[in-house]
Amino acid sequence: MSQTWKVKTKKKEMIFNCHSARSFLDVVTLDENEPETLHFLNKLTNKDVLWDIGANVGVFTIYASKINNTQVIAFEPSASSYATLITNIETNKVSSKVNAYNVALHNENKLGYLFMENTDSGHSMHSFDNKNNAMGRIKTSFKQSVLGFTIDHFFKQFKPLPPTHMKIDVDGNELLVLKGGKKLIKKYVKSFIIETESFSKKREREELINYIHSIGFVEVAFKKNKGYRNKIFIKK
């Protein structure tokens, strides 16, 4: 399966390349799947820098860069999803505003594996250096070799634009990503949206939220739809 799909908003038109049924689903349900994420992105400006950690095929990367001309740095370890992400950047002519990297962010700098049940572009619930995701044990069909960095090391080594805001969706490794970026987050980040509600174990969700509070962020109240997966936090 390979097709393109146009999404029109009040401000801009976006075109997405859908190389699988899964990537097509995320595009056609953009308005209803994660309204909290659109709420978060709609507040960004052309003076902001968004780090999209777990960008998948780039639905929200493209949205942020097109709607508000926000600079975006996207990270996606899955080779197939990253390939579609790059195609979507090219198709939407946003290469001057988006830089994308085929690496995993973690709490260590290391060579590791991305454990995957389905390798098709757009699929999720993979996990770097962990055979479990937020929902439990992965029925691994393939493990992809991936280079992993901490946020702090990646920033120090390569000196990209520092983020004013972050979107973090890594299917269970959110806490490890945050711990690997403690210095940068405390210095630069004003707010972030993070997937907290997919954990099958309440203890893991509470541990993540408690850590977020410990580094100086508080939850923002917003109208939540049934089945919401993300929470928004701002610096105190």
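Up top is the structure.
What you are looking at is a predicted structure, and each value in this text was computed from that prediction instead of being measured.

*Asks:* Before we go on, may I ask you to explain the layout of surface pockets in this structure?
*Replies:* Any empty space left between the atoms is revealed when a probe the size of a water molecule rolls over them. Taken as a whole, the largest pocket encloses approximately 660 Å³ of empty space. Among the secondary structure elements, those contributing two or more residues to the lining of the largest pocket are α1 (21–28), α2 (30–33), α4 (59–67), β6 (104–106) and β8 (127–128). Here the lining of the largest pocket is built from residues that sort into 18 nonpolar, 12 polar and 10 charged. Each pocket or cavity is described by its volume, and for the second largest pocket that value is around 320 Å³. Asn130, Gly172, Asn173, Phe199 and Glu204 are the residues nearest the centre of the second largest pocket, which is lined by 17 residues in total. Looking at the lining of the second largest pocket, the element that brings in the most residues is helix α9 (residues 202–214), giving 4 residues.

*Asks:* Help me out: how do you make sense of the sheet that holds strand β12 (residues 165–168) in this one?
*Replies:* Strand-to-strand pairing in sheets goes through backbone hydrogen bonds, with the strands running parallel or antiparallel. Pairing is mixed in the open sheet, where 7 strands are placed in the order β5-β4-β3-β12-β13-β15-β14. What marks the edges here is a single partner per strand, and that holds for β5 (98–101) and β14 (217–219). In this sheet, neighbouring strand axes are inclined to one another by 20 degrees on average, regardless of whether the strands run parallel or antiparallel. In the sheet, strand β13 (residues 191–195) pairs with strand β15 (residues 230–235) via 5 bridges, with the strands oriented antiparallel. Its bridge partner being in β15, Ser191 is matched across the sheet by Ile234. Strands β3 (49–53), β4 (71–75), β5 and β12 of the sheet are contacted by helix α6 (residues 151–158), whose axis makes an angle of about 130 degrees with β3.

*Asks:* Help me understand the sheet that holds strand β11 (residues 142–150) in this model?
*Replies:* With respect to topology, 4 strands assemble into an open sheet ordered β6-β11-β7-β8, the strand pairing being mixed. Every other strand in the sheet has two partners, leaving β6 and β8 as the edge strands with one partner each. Alignment of β6 against β11, held across 3 bridges, turns out to be parallel. Pairing of Ala104 across the sheet is with Gly148, part of β11.

*Asks:* Hey, could you run me through unusual backbone geometry in this one?
*Replies:* Trans peptide bonds make up the majority, and among non-glycine residues the majority have a negative phi. Even without a glycine there, the phi angle at Lys93 is positive, about 55 degrees. With respect to the helices and strands, the residue Lys93 is situated in the loop between α5 (79–91) and β5. Owing to a relative accessible area of 71%, Lys93 belongs among the exposed residues under this scheme. Phi is positive for Met125, close to 65 degrees, though the residue is something other than glycine. Within the fold, Met125 resides in the loop between β7 (110–116) and β8.

*Asks:* Looking at this model, I keep getting lost on the pattern of salt bridges. Mind explaining?
*Replies:* Pairs can form between side chains of opposite charge whenever their charged atoms are close. The full count for this structure, using the stated rule, is 8 salt bridges. For Arg229, the salt bridge identified is with Glu34, shortest N-O distance 2.5 Å. Separated by 195 residues along the polypeptide, Arg229 in the loop between β14 and β15 and Glu34 in the loop between α2 and α3 (35–41) bring together distant segments of the chain. Assessed through its relative accessible area of 24%, Arg229 is described here as partly exposed. Notably, a salt bridge pairs Glu195 with Arg229, separated by 3.6 Å at the nearest N-O pair. Of this pair, Glu195 sits in strand β13 while Arg229 is found in the loop between β14 and β15, placing the two residues 34 residues apart along the sequence. The class of Glu195 is buried, set by a relative accessible area of 5%. Taken together, the shared-partner salt bridges in this structure form one network comprising Glu34, Glu195 and Arg229.

*Asks:* Would you mind going over α9 with me for this structure?
*Replies:* Over its 13 residues, α9 extends 18 Å from the first C-alpha to the last, a length consistent with the 18 Å expected when each residue adds 1.5 Å. Within α9, burial applies to Leu208, Ile209, Tyr211 and Ile212. An end-on view of α9 places all buried positions within 155 degrees of arc, on one side of the element. In α9, the exposed positions that point more than 90 degrees away from the buried face belong to Lys202, Arg203, Asn210 and Ser214. Residues of α9 that are buried sit in contact with α7 (174–179), α8 (182–188), β13, β14 and β15. Residue Gly216 follows α9 closely and has a positive phi angle near 95 degrees.

How each quantity is defined
Residues numbered from 1 in each chain as written. Predicted model: local features only at pLDDT ≥ 70, side-chain atom pairs only at ≥ 80, totals over all residues. Heavy atoms only, no water. 1 Å grid on protein atoms, 1.4 Å probe; cavity = no way out; pocket = protein on both sides within 12 Å on 5 of 7 lines; lining within 4 Å. Points joined across faces, edges and corners; volume = space filled by probe spheres on them. Helix = DSSP H or I, 4+ residues; strand = E, 2+ residues; numbered from the N terminus. Nonpolar A, V, L, I, M, F, W, Y, C, P; charged D, E, K, R; others polar. Pairing = 2+ DSSP bridges. Axes fitted to C-alpha atoms, helices over the stretch in contact; angles between N-to-C directions. Contact = heavy atoms within 4.5 Å. Buried < 20%, exposed > 50% of the residue type's maximum accessible area, 1.4 Å probe, protein only. Salt bridge = Lys/Arg side-chain N within 4 Å of Asp/Glu carboxyl O. Expected span 1.5 Å × (residues − 1). Arc of directions from axis to C-beta.

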